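Okay, here's what each chain looks like letter by letter:
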Amino acid sequence: MTPTITAFEQSPDRGRGLARDMRVRWALEEVGQPYDVRLVSFSQMREPAHRALHPFGQIPTYEEGDLALFESGAIVLHIAERHAGLLPDDAHARARAITWMFAALNTVEPPIVELGAAAREERDKTWYEERRPILEGRVHDRLDQLSSRLADADWLDGPFSAGDLMMVTVLRRLSGAGIVEKYPRLSAYVARGEARPAYKRAFDAQLAVFLAASTT
Ligand code: GTB
C-alpha cells in the first residue's frame, strides 16, 4: 500500500529541505518505497481533519491503510523497521542505530531548534544579544561531542543507518548559520548524507513543490 505523507504547501524554508517532511521523504527513498504527498496550508493544519491526524497541527504525518502516524522520528522508525536498508539486522547494532535516532532528536536537535527560535522570535528583545552566545554555546557543546565521537568514520556506527539519516537532517537545520562549517568532520558527514542518491531524490521532490507554488 502506498503511504501518504503531509508536507507544507508553501514551505517557509523555500525548498531547502529543512522542514521535517524531508527526513520522511529521504527514508522512503532509501528503502525504495513510493509515496504520495498531500500538501497542506497553514490554515488546513489547524483544521479538525488535520488535527485528527496530528494533535499538534503540524507536518509531517504518515498514513498507510488504517495506520496514521505523526512525529518524524516515529515515522522514520516505522519505515526503517518495515523495510530493509535503514537498520542493521544484528540486534545490538540495530539498537545502537535507534539510539542514534533518539540522540539526534532528543540531544542534538533541541539546542539547534532553540537557537533558531531565538533568532526568529527574540531578535528584538533587549536581552537577545546577551542570550545568543549562551544558546550558541549549547549547540557548540553538542557538535564538539558529536564530532569527537564520529572522528574519521563515515557514519556514526558502521554502515549508514536511520540514525545517520536523522542526524544529518538535524545538522542541516544549521544551514546558513556558519556553525557546522567550524567542524570539518561534521561538514563532511553532512555532505556524505547529501550525496546519497536517495537524499537527492527526496530533496528534489520537496524543492519541486516549492518551485511549483512560487510560479502559480
Ligand atoms: N516533533 C515534530 C516532528 O519531528 O515531526 C515536530 C514537527 C514540526 O515542527 N513541524 C513543523 C510544523 O508543522 C514543520 S518542520 N510547523 C508548523 C506549526 O507548528 O504551525 C519545522 C520547520 C519549519 C520551517 C523550517 N524552515 O523554514 O527552515 C524548518 C523546520
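Look above for the structure.
Residues numbered from 1 in each chain as written. Predicted model: local features only at pLDDT ≥ 70, side-chain atom pairs only at ≥ 80, totals over all residues. Heavy atoms only, no water.

Our next topic: the nonpolar core. Counting 54 residues, the largest nonpolar core has L143, M167 and L171 as its most contacted members. If you list the elements that add at least two residues to this core, you get α1 (21-31), α4 (72-82), α5 (91-121), α6 (128-150), α7 (162-172), α8 (184-194) and α9 (197-215). Of the residues forming this core, the biggest block, 10 residues, is contributed by α5. Look past the residues within four positions of L143 in its chain and what remains in contact with it is L171, L174, I179, V180, Y183 and L186. Core analysis: the second largest hydrophobic core is formed by 5 residues, F8, A19, V40 and I59 among them. (Core = buried A, V, L, I, M, F, W, Y, C linked by side-chain atoms within 4.5 Å. Buried < 20%, exposed > 50% of the residue type's maximum accessible area, 1.4 Å probe, protein only. Helix = DSSP H or I, 4+ residues; strand = E, 2+ residues; numbered from the N terminus. Contact = heavy atoms within 4.5 Å.)

Here we come to the site of the ligand. Close to the ligand lie 15 residues; R20, R46, I59, E71 and S72 are nearest. R46 is positioned such that a nitrogen or oxygen atom in its side chain is 2.7 Å from an oxygen atom of the ligand. Taking E71, its side chain carries an N or O atom lying 2.7 Å from a nitrogen atom of the ligand. Burial of the ligand by the surrounding chains reaches 78%, relative to a free accessible area of 680 Å². Broken down by element, the shell around the ligand gets its largest block of residues, 3 residues, from helix α2 (residues 42-46). (Near = heavy atom within 4 Å. Polar contact = N/O pair within 3.5 Å; in protein donor to acceptor, adjacent residues only side chain to side chain. Areas by Shrake-Rupley, 256 points an atom, 1.4 Å probe, with all protein chains shown as cover.)

Let us now look at the environment of L165. Here L165 shows up in helix α7. Residue classification places L165 among the buried residues on the basis of a relative accessible area of 0%. Separated by 69 residues in the primary sequence, L165 and R96 have C-alpha atoms spaced 14 Å apart. Look past the residues within four positions of L165 in its chain and what remains in contact with it is R23, W26, A27, E30, V76, L86 and F160.

A few words now on the side chain of R25. As for its placement among the helices and strands, R25 is situated in helix α1. On the basis of relative accessibility, which here comes to 2%, the residue R25 falls in the buried class. In this structure R25 touches I5, A7, Y35, V37, A202, A205, Q206 and V209, once residues within four positions along its chain are discounted.

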